[in-house]
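# Summary of structural features
These are the residues of each chain, in order.
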Amino acid sequence: MKAIPIPAIAGAYRFEPQPHRDERGTFSRTFDADVVRSVGIDPTAFVQDSVSRSRRGVVRGLHLRREPGEAKLVRCSYGAVFDVIVDLRPDSPTYRAVETIELTDETQVTIYIPAGCAHGFQALTEPADVAYRIDQTHDPAADVAIAHDDPALGIAWPLPVTALSERDRHARSTSEVTGRLK
């Protein structure tokens, strides 16, 4: 497994497994504590694993938590997603930067999203499963949603949006949210 920095978002990483392929299929290590530790991330900090299943065209996000925020390891375990990270850390050198990455079950790439960054994705397949490893216990009172179609972010979602949650339908713009993150 290799750890590769994502230059557009300070502190974000891509963890690329090196799958073993043979006549049976593939085998990949999707988490390696030593590799995670080698880039300064505490592998023991993660306290919750979750998974979502989405239909093609569904957008989930953009989501983040109020301070102290939460860091995530995110991987598409089945299908494919168009994944989005938005840096909303005011003192970050990549503040307001947006990075998009296609995650697929073929590659099993995991991305590390630092606390203070918003995250979302669009399912490109029917279905798409996304696995999350999160470093904070869920606290709904700390949840923040940013509009997926905020013109200030300019995210070009690859498919027409087929569904959003109620919370995401009423999400606010980045400028409205950034003052309320503390």
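Residues numbered from 1 in each chain as written. Predicted model: local features only at pLDDT ≥ 70, side-chain atom pairs only at ≥ 80, totals over all residues. Heavy atoms only, no water.

## A short note on the pairing of strand β10 (residues 110-113)
- Residue alternation in β10 divides its side chains into two sets, Thr-110 and Tyr-112 and Ile-111 and Ile-113, and both sets are buried.
- Alignment of strand β2 (residues 13-16) against β10, held across three bridges, turns out to be antiparallel. Looking at the pairing, Tyr-13 lines up with Tyr-112 of β10.
- In this structure, strand β7 (residues 72-78) lies alongside β10, joined through four bridges in antiparallel fashion. (Buried < 20%, exposed > 50% of the residue type's maximum accessible area, 1.4 Å probe, protein only. Helix = DSSP H or I, 4+ residues; strand = E, 2+ residues; numbered from the N terminus. Pairing = 2+ DSSP bridges.)

## Here we look at the environment of Pro-158
- Relative to the assigned elements, Pro-158 resides in the loop between β13 (143-145) and α2 (166-169).
- Once you skip the residues sitting within four places of it in the chain, Pro-158 turns out to touch Phe-82, Gln-122 and Leu-124. (Contact = heavy atoms within 4.5 Å.)

## Some details on the packing of aromatic side chains
- Here the structure, examined in full by the defined rule, presents two aromatic pairs.
- On the basis of an interplanar angle of 70° and a centroid distance of 5.7 Å, the ring pair of Phe-82 and Trp-157 is categorised as edge-to-face. Residue Phe-82 is located in strand β8 (residues 80-87), and its partner Trp-157 is located in the loop between β13 and α2; the two are separated by 75 residues in the primary sequence.
- Given a relative accessible area of 14%, Phe-82 falls into the buried group. (Phe/Tyr/Trp six-rings, centres within 6.5 Å; stacked < 30°, edge-to-face > 60°.)

## What to know about the sheet that holds β10
- Ordered in space as β1-β2-β10-β7-β12-β5, the six strands form an open sheet in which the pairing is antiparallel. With partners counted over all chains shown, the strands left at the sheet margins are β1 (2-5) and β5 (48-54), one partner each. The average undirected angle you get between the axes of adjacent strands in this sheet is 25°.
- Sheet topology places β5 next to strand β12 (residues 128-134); seven bridges connect them, and they run antiparallel. (Axes fitted to C-alpha atoms, helices over the stretch in contact; angles between N-to-C directions.)

## Remarks on the pattern of salt bridges
- Counted according to the given criterion, the structure contains 14 salt bridges.
- Glu-16 is the partner of Arg-14 in a salt bridge, and the nearest nitrogen-oxygen pair spans 2.9 Å.
- Using a relative accessible area of 24% as the deciding quantity, one classes Arg-14 as partly exposed.
- Arg-53 is the salt-bridge partner of Asp-129, the closest N and O atoms lying 2.7 Å from each other. Pair noted here: Asp-129 is in strand β12 and Arg-53 is in strand β5, with a separation of 76 residues, a long-range link.
- Bridged by salt links that share partners, the residues Arg-65, Glu-70, Lys-72, Asp-143 and Arg-167 form one connected network. (Salt bridge = Lys/Arg side-chain N within 4 Å of Asp/Glu carboxyl O.)

## Some remarks on the nonpolar core
- Counting 20 residues, the largest nonpolar core has Val-74, Val-81, Ile-85, Leu-103 and Ile-111 as its most contacted members.
- It is β12 that provides the largest number of residues to this core, a total of four residues.
- Setting aside anything within four residues of it in sequence, one finds Ile-85 in contact with Ile-6, Ile-9, Ala-97, Val-98, Glu-99, Ile-101, Ile-111, Ile-113, Cys-117 and Ala-118.
- If you look at the next biggest cluster of nonpolar residues, it comprises 18 residues, including Val-86, Leu-153, Ile-155 and Val-177. (Core = buried A, V, L, I, M, F, W, Y, C linked by side-chain atoms within 4.5 Å.)

## Topic: the environment of Glu-166
- Tracing the sequence through the fold places Glu-166 in helix α2.
- A relative accessible area of 47% places Glu-166 in the partly exposed class.
- A distance of 2.8 Å separates the side chain of Glu-166 from the side chain of His-170, its partner in a polar contact. (Polar contact = N/O pair within 3.5 Å; in protein donor to acceptor, adjacent residues only side chain to side chain.)

Taken by themselves, the reported measurements are silent on function.
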